[in-house]
Amino acid sequence: MIRLYLFAEGQTEQTFADNILKLYLAQYSVFMDKIMLIAHARKKGYVHRGGGRKYEPMKDDILRLLKQEKGSKVFFTTMIDLYAIAPDFPGLAESESLRQNPLQRVEFLEQRFAEDISDYRFIPYIQLHEYEAYLFADPTCFEYFYAHRTKEIEALKAIANQYETPELINDGQQTAPSKRIIAQFPDYGGAKRAFGAQLAERIGLQVIRSRCPHFNTWLSRLESLNHS
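Quick look at the structure, then. Keep in mind that this is a model prediction, so the values were computed, not measured. (Residues numbered from 1 in each chain as written. Predicted model: local features only at pLDDT ≥ 70, side-chain atom pairs only at ≥ 80, totals over all residues. Heavy atoms only, no water.)

Structural notes on the state of the cysteines
For step 1, the next point in the chain: A complete count under the given rule lists 0 disulfides for this structure.
For step 2, the next point in the chain: Here cysteine 141 is not cross-linked by a disulfide; its sulfur's nearest cysteine counterpart is in cysteine 212, at 12 Å. (Disulfide = S-S within 2.5 Å.)

Re the pairing of strand 2 (residues 30-37)
For step 1, the next point in the chain: Pairing analysis gives 7 bridges linking strand 1 (residues 2-8) to strand 2, with the strands arranged parallel. Bridging from a neighbouring strand, leucine 6 pairs with isoleucine 35 of strand 2.
For step 2, the next point in the chain: In terms of handedness, the path from strand 1 via helix 1 (residues 11-26) over to strand 2 forms a crossover that is right-handed. (Pairing = 2+ DSSP bridges. Helix = DSSP H or I, 4+ residues; strand = E, 2+ residues; numbered from the N terminus. Right-handed = clockwise from strand over helix to strand, strands pointing away.)

Considering the nonpolar core
For step 1, the next point in the chain: Ranked by internal contacts, the top residues of the largest apolar core, which has 49 residues, are Phe16, Leu21, Leu135, Phe142, Phe215 and Trp218.
For step 2, the next point in the chain: Looking at this core, the elements with two or more residues in it are strand 1, helix 1, strand 2, strand 5 (74-81), helix 5 (150-161), helix 7 (188-203), helix 8 (205-211) and helix 9 (213-223).
For step 3, the next point in the chain: Of the residues forming this core, the biggest block, 7 residues, is contributed by helix 7.
For step 4, the next point in the chain: Dropping the residues within four chain positions of it, phenylalanine 16 is found in contact with Leu21, Met79, Tyr131, Ala197, Ala200, Leu205 and Phe215.
For step 5, the next point in the chain: With 24 residues, the next largest nonpolar core counts Phe7, Tyr55, Phe76 and Ile126 among its residues. (Core = buried A, V, L, I, M, F, W, Y, C linked by side-chain atoms within 4.5 Å. Buried < 20%, exposed > 50% of the residue type's maximum accessible area, 1.4 Å probe, protein only. Contact = heavy atoms within 4.5 Å.)

Overview of the side chain of threonine 165
For step 1, the next point in the chain: With respect to the secondary-structure elements, threonine 165 resides in the loop between helix 5 and helix 6 (177-184).
For step 2, the next point in the chain: Under the relative-accessibility criterion, threonine 165 is labelled buried at 8%.
For step 3, the next point in the chain: Within the local environment of threonine 165, its side chain forms a polar contact with the backbone oxygen of arginine 211, the two atoms lying 2.6 Å apart.
For step 4, the next point in the chain: If we skip the residues at most four places from it in the chain, threonine 165 touches Arg211, Cys212 and Pro213. (Polar contact = N/O pair within 3.5 Å; in protein donor to acceptor, adjacent residues only side chain to side chain.)

Comments concerning the pairing of strand 1
The side chains of a regular strand alternate, residue by residue, between the two faces of the sheet.
For step 1, the next point in the chain: Strand 1 sits mainly inside the fold: 6 of its 7 residues count as buried.
For step 2, the next point in the chain: Relative to strand 5, strand 1 runs parallel, the two being bridged by 6 bridges. Of the residues in strand 5, the one forming a bridge with alanine 8 is methionine 79.

What about the pattern of salt bridges?
For step 1, the next point in the chain: For the structure shown, the criterion picks out 14 salt bridges.
For step 2, the next point in the chain: A salt bridge links arginine 64 to aspartate 61; its shortest N-O distance comes to 2.7 Å. Residue arginine 64 and its partner aspartate 61 are located together in helix 2 (residues 55-68), separated by 3 residues, close to a single helical turn.
For step 3, the next point in the chain: Judged by relative accessible area, arginine 64 falls into the partly exposed class, the value being 30%.
For step 4, the next point in the chain: A relative accessible area of 1% means that aspartate 61 is categorised as buried.
For step 5, the next point in the chain: The closest approach of N and O atoms between arginine 112 and glutamate 94, which form a salt bridge, is 2.5 Å. Here arginine 112, found in helix 4 (residues 102-117), pairs with glutamate 94, found in helix 3 (residues 92-95); they are 18 residues apart in sequence, far enough to count as distant.
For step 6, the next point in the chain: Relative accessible area serves as the criterion here: at 48%, glutamate 94 is assigned to the partly exposed category.
For step 7, the next point in the chain: A network of salt bridges, in which partner residues are shared, links Arg3, Asp33 and Glu69. (Salt bridge = Lys/Arg side-chain N within 4 Å of Asp/Glu carboxyl O.)

Observations concerning the packing of helix 5 against helix 6
For step 1, the next point in the chain: Interhelical geometry of helix 5 versus helix 6 gives an angle of 155° and a closest axis separation of 9 Å. Here helix 6 runs roughly antiparallel to helix 5, going by the angle between their axes. Of the two possible hands of crossing, helix 5 and helix 6 adopt the one that is right-handed. Residue-level inspection shows Glu152, Ala155, Leu156 and Ile159 of helix 5 in contact with helix 6, the latter providing Arg180, Ile181 and Gln184.
For step 2, the next point in the chain: Taken together, the residues that form the contact of helix 5 with helix 6 break down as 4 nonpolar, 1 polar and 2 charged. (Axes fitted to C-alpha atoms, helices over the stretch in contact; angles between N-to-C directions. Parallel < 35°, antiparallel > 145°, perpendicular 65-115°, else oblique. Left-handed = near helix turned anticlockwise from the far one by under 90°. Nonpolar A, V, L, I, M, F, W, Y, C, P; charged D, E, K, R; others polar.)

Focus: the packing of aromatic side chains
For step 1, the next point in the chain: What the rule picks out here adds up to 22 aromatic pairs.
For step 2, the next point in the chain: An aromatic cluster of at least three residues, connected via ring pairs, comprises Phe142, Tyr144, Phe145, Tyr146, Phe185, Tyr188 and Phe195. (Phe/Tyr/Trp six-rings, centres within 6.5 Å; stacked < 30°, edge-to-face > 60°.)

Let's talk about the packing of helix 1 against helix 9
Packed helices, taken two at a time, are described by the angle between their axes plus the distance between the axes.
For step 1, the next point in the chain: The N-to-C vectors of helix 1 and helix 9 enclose an angle of 50°; their axes lie 11 Å apart at closest approach. Judged on the interaxial angle alone, helix 9 and helix 1 are oblique. Judged by the sense of rotation from one axis to the other, the crossing of helix 1 with helix 9 is right-handed. Contacts from Phe16, Leu21, Tyr24 and Leu25 of helix 1 reach helix 9 at Phe215, Trp218, Leu219, Leu222 and Glu223.
For step 2, the next point in the chain: Looking at the contact of helix 1 with helix 9, its residues break down into 8 nonpolar, no polar and 1 charged.

Here is the structure:
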């Protein structure tokens, strides 16, 4: 039996992991013990969580739990965004030369992250480019909350069709996946915590995996922890 800690970028990822990934991984005897928001600051002894905009508090948070949990059957992973990643993230400056190949770039950053934490039980995952890419795996999921908004849903489908995978939808301030969704459905921005996981559930984990290869690689690695 494997115990797994997950550090999430925000509440949307936290809910997705709790509602969908936790149950799914349990069938592989990988049990999510804790799903917590990643640290972004420590002030007066208090850890502020959510949004990995500073690397050092994030690193300290992970190292603290690695030190507390020394068992060989306890693993740790992340679910943080490449979009607006912490400017002091290890390898970020070097990764700029790979910007035209987002998959290679994110794999390079995950490697540098793993090297910096330096514990075989740590499995970094950085989302390309953020959670909302998963929802572009099948934009018809938005019918669940936005019935009769055919024009807006067709606009999202047209965006998805421009890319080999939703994970390649770029990370511009107005063109990142979440920004494109909000452009069609402005209230999504304030409801993403509630809507995000439900929409992914409507799509189904297998469809998301088939359309998002980087996500699929990470999930496959978590599935196999009992055999590693």
